[in-house]
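Topology and contacts: notes
Given next are the chains, with one letter for each unit.
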Amino acid sequence: MSHPVELPVTWAPRRNRAVLAGICGLLLVLFTVLAFALPSNWQVNDRVAIFVSGLLFSAVGLLLARPRVSADAEGVTVVNFVRRHRLSWPQIVRVNFRQGDPWVMLDLADGTSLAAVGIQPAGGREQAVRAARALRDLVEDHSVAQN
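The following paragraphs examine the structure supplied in this document. (Residues numbered from 1 in each chain as written. Predicted model: local features only at pLDDT ≥ 70, side-chain atom pairs only at ≥ 80, totals over all residues. Heavy atoms only, no water.)

Some remarks on the pairing of strand S6 (residues 104-108)
Of all five residues in S6, four are buried, a share of seventy percent or more. The pairing of strand S5 (residues 92-96) with S6 spans four bridges and is antiparallel. Bridge assignment links Asn 96 to a residue of S6, and that residue is Met 105. Bridge analysis of S6 against strand S7 (residues 113-116) gives four bridges, and the strand direction is antiparallel. Opposite Asp 107, over in S7, you have Ser 113 as the bridge partner. The turn joining S6 and S7, which pair antiparallel and follow one another in sequence, is formed by four residues; a positive phi near 90° is taken by Gly 111. (Buried < 20%, exposed > 50% of the residue type's maximum accessible area, 1.4 Å probe, protein only. Helix = DSSP H or I, 4+ residues; strand = E, 2+ residues; numbered from the N terminus. Pairing = 2+ DSSP bridges.)

Concerning the sheet that holds S7
What holds strands together in a sheet is hydrogen bonding between their backbones, with the strands either parallel or antiparallel. Taken in spatial order, the three strands of this open sheet run S5-S6-S7, and their pairing is antiparallel. Where the open sheet ends on each side, the last strands, each with one partner, are S5 and S7. Strand after strand, the sheet turns through a mean of 25° between neighbouring axes, direction not considered. (Axes fitted to C-alpha atoms, helices over the stretch in contact; angles between N-to-C directions.)

Some points on a nonpolar patch on the surface
Residues Val 44, Val 48, Phe 51, Val 52, Leu 55 and Leu 56 make up a contiguous nonpolar surface patch of roughly 510 Å² in combined accessible area. Within the secondary structure layout, Val 48 lies in helix H2 (residues 44-64). Relative accessible area serves as the criterion here: at 45%, Val 48 is assigned to the partly exposed category. (Patch = residues over 30% accessible without salt bridge, like charges linked within 9 Å, V, L, I, M, F, W, Y side chains within 5 Å. Areas by Shrake-Rupley, 256 points an atom, 1.4 Å probe, with all protein chains shown as cover. Salt bridge = Lys/Arg side-chain N within 4 Å of Asp/Glu carboxyl O.)

A closer look at the environment of Ala 49
Residue placement: Ala 49 occurs in helix H2. Taking the relative accessible area as the measure of exposure, Ala 49 reaches 41% and is therefore partly exposed. Taking C-alpha positions, Ala 49 is 27 Å from Arg 17, a pair spaced 32 residues apart along the chain.

A word on the pattern of salt bridges
In the structure shown here, the tally under the stated rule is three salt bridges. Linking Arg 94 and Asp 107 is a salt bridge whose minimum nitrogen-to-oxygen distance equals 3.2 Å. Note that Arg 94 is positioned in strand S5 and Asp 107 in strand S6, a separation of 13 residues in sequence. Given the relative accessible area of 18%, Asp 107 is considered buried. Between Arg 136 and Asp 137 there is a salt bridge, and its shortest N-O distance comes to 3.2 Å. Here Arg 136 falls in the partly exposed class, since its relative accessible area comes to 32%. Using a relative accessible area of 19% as the deciding quantity, one classes Asp 137 as buried.

Take a look at the structure:
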């Protein structure tokens, strides 16, 4: 039996975020140093292009670190790599997290599914299973409360 979850709650792959933030910082420093350390026969626009490349690689890394799932009394907010979705409790029909799935999938009342990338086994399978069960329990509790 799972323990009740107090709202609000947020699930995010924290280890992934920490690693990606470190890598992004390292990339930015590396590309900046590289831009200044180029031989003198390289033009300014070449140096700027290298620096901007570092910025772009870092930005992509930060997008990969963005996913999270937050639940509050009104519903669930799913933040994936690029998009943010706000769902009321009745919109979520089922929480799926099968063996081998890369992240939780939410079945929605309109017949579609939504990936909830913020709950994933990359930070630990058992932690992800606990988070998926907690979200499932919240969905079930709120669907009973709505009826």
